[in-house]
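# Per-entry structural report
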Amino acid sequence: MINVTIEKKLKGYHGQQVIKVDHQFTAGSVTKIYGPSGSGKTTFLKVIASLTKPEKGRIVVGGITWFDAEQKIDVPTQKRNVGFVFQQYALFPNMTVRQHLEYATTDELWIKRLLLLGKLDTLQTHKPEYLSGGQQQRLAILRALATRPKLLLMDEPFSAIDPKMKAELMAELSVLLKEMEITTIIVSHNPQELDGWATDELVFE
Ligand SMILES: Nc1ncnc2c1ncn2[C@@H]1O[C@H](COP(=O)(O)OP(=O)(O)OP(=O)(O)O)[C@@H](O)[C@H]1O
């Protein structure tokens, strides 16, 4: 169970905007987040990963406090073991597909399974600039999974992937996430794409 009660001011041009979230994410659930552009969805994912700090509140994951503004507790990103799929992928330009995964894990069988899942097994020696947008996006998803996170945060993870590939990837991901008991939070501009998969939702105003 993940309990999040936070308040975070956004640096907007139109006065002071605050995101307020009070939500429980059940272990193993898949939550979709949607809402207008600029409403703070990406910022919220960053708060959970400790890439930016809220002014108020608490984040408690499986009984362990990751963040508490009053008690000044803030577990650093690298100790939260969160998988993060960034909207702009954030791949390493000088690393091949395989090196992205080897950077995160030494488990060869796991690397092979991930490469098959993302249909990148034939592109292992390619660097990001030689991959299509959809292939880069799939690599970003595989890299996020490679450390076997208990929590997976994905920001528009399927935006560049064609519909057929998306349907296949989502079906396989869904099995894998269940098997690994990963709690997943997905920001989507097209929340219908997650119908039948997401078990919960959070709407940003
Ligand atoms: N670290 C930060 N701290 C405070 N405010 C931020 C931070 N990063 C971005 N912002 C501001 O928060 C607002 C919301 O940005 P954010 O990217 O979270 O929205 P979003 O809902 O994900 O939008 P989109 O759907 O367009 O991706 C923007 O006005 C942005 O300037």
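Being a predicted model, the structure only gives us computed values, none of them experimental. Residue indices follow the written sequence of each chain, beginning from 1 at its first position. Owing to the predicted nature of the model, reporting of local features is limited to residues with pLDDT of at least 70; listing and counting of side-chain atom pairs is limited to 80 or more, with chain, interface and lining totals taken over all residues.

## What to know about the sheet that holds strand E5 (residues 64-68)
Through backbone hydrogen bonds, the strands of a sheet pair up, either in parallel or in antiparallel fashion. Rule in force here: If DSSP finds at least two bridges between two strands, the strands pair. Going along the chain from the N terminus, every DSSP run of H or I of four or more residues is numbered as a helix, and every run of E of two or more is numbered as a strand.
One open sheet holds the five strands; their spatial order is E2-E1-E4-E5-E6, and the pairing between them is antiparallel. Two strands lie at the open edges of the sheet, namely strand E2 (17-25) and strand E6 (73-74), each paired on one side alone. Relative to E2, strand E1 (residues 2-10) is paired through nine bridges, and the arrangement is antiparallel. Residue pairing across strands places Glu7 opposite Lys20, the latter belonging to E2.

## A word on the site of the ligand
What counts here: Each residue gets a C-beta atom placed from its backbone. Should that atom fall within 6 Å of a molecule or strand, the residue is termed near it. Residues are grouped as follows: Ala, Val, Leu, Ile, Met, Phe, Trp, Tyr, Cys and Pro are nonpolar; Asp, Glu, Lys and Arg are charged; all remaining types, including Gly, are polar.
As a matter of local geometry, the ligand sits amid Leu10, Lys11, Gly12, Ser37, Gly38, Ser39, Gly40, Lys41, Thr42, Thr43 and Thr52. Here the shell around the ligand takes three residues from helix H1 (residues 41-48), the largest share from any one element. For the shell around the ligand, the residue count by class is one nonpolar, eight polar and two charged.

## Remarks on the nonpolar core
Generally speaking, soluble globular proteins have nonpolar side chains that are buried together. Applied cut-off: Here, a nonpolar core denotes buried Ala, Val, Leu, Ile, Met, Phe, Trp, Tyr and Cys residues that are linked to one another through C-beta atoms within 7 Å. Each residue is classified by how many other C-beta atoms fall within 10 Å of its C-beta atom, where C-beta atoms are placed from the backbone; a count of 20 or more means buried, 12 or fewer means exposed, and values in between mean partly exposed. Two residues qualify as being in contact provided that their C-beta atoms, derived from the backbone, are within 7 Å of each other.
Within the largest apolar cluster, 37 residues are counted, with the highest numbers of intra-cluster contacts made by Ile48, Ile59, Leu142 and Leu153. Looking at this core, the element that brings in the most residues is helix H5 (residues 133-146), giving five residues. Ignoring anything within four residues of it in the chain, the contact list for Ile48 reads Val4, Ile59, Val82 and Leu153.

## Details of the confidence of the model for the chain
Put simply, the rule is: The pLDDT value expresses, per residue, how confident the predictor is, ranging between 0 and 100.
When pLDDT is averaged along the chain, the result is 94; 99% of the residues meet or exceed 70. Interface scoring of the predicted complex returns ipTM 0.93; its pTM is 0.94.

## Re the pairing of E1
Bridge count between E1 and strand E4 (residues 56-61): six bridges; the pairing is antiparallel. Following the sheet pairing, Ile6 is matched in E4 by Gly57.

## Description of the sheet that holds strand E10 (residues 200-203)
To be explicit about the condition: Helix axes use the C-alpha atoms of the stretch in contact, all axes being lines fitted to C-alpha atoms, and the angles between their N-to-C directions lie in the range 0 to 180 degrees.
Strand order in the open sheet formed by five strands is E7-E8-E9-E3-E10, with parallel pairing between adjacent strands. Two strands lie at the open edges of the sheet, namely strand E7 (82-85) and E10, each paired on one side alone. The sheet shows a mean angle of 15 degrees between the axes of neighbouring strands, taken without regard to direction. Pairing between strand E8 (residues 151-155) and strand E9 (residues 183-187): five bridges, direction parallel. Pairing of Leu151 across the sheet is with Thr183, part of E9. Strand contacts of H5: E7 and E8, with the helix running at about 175 degrees to E7, the strand carrying the most contacts.

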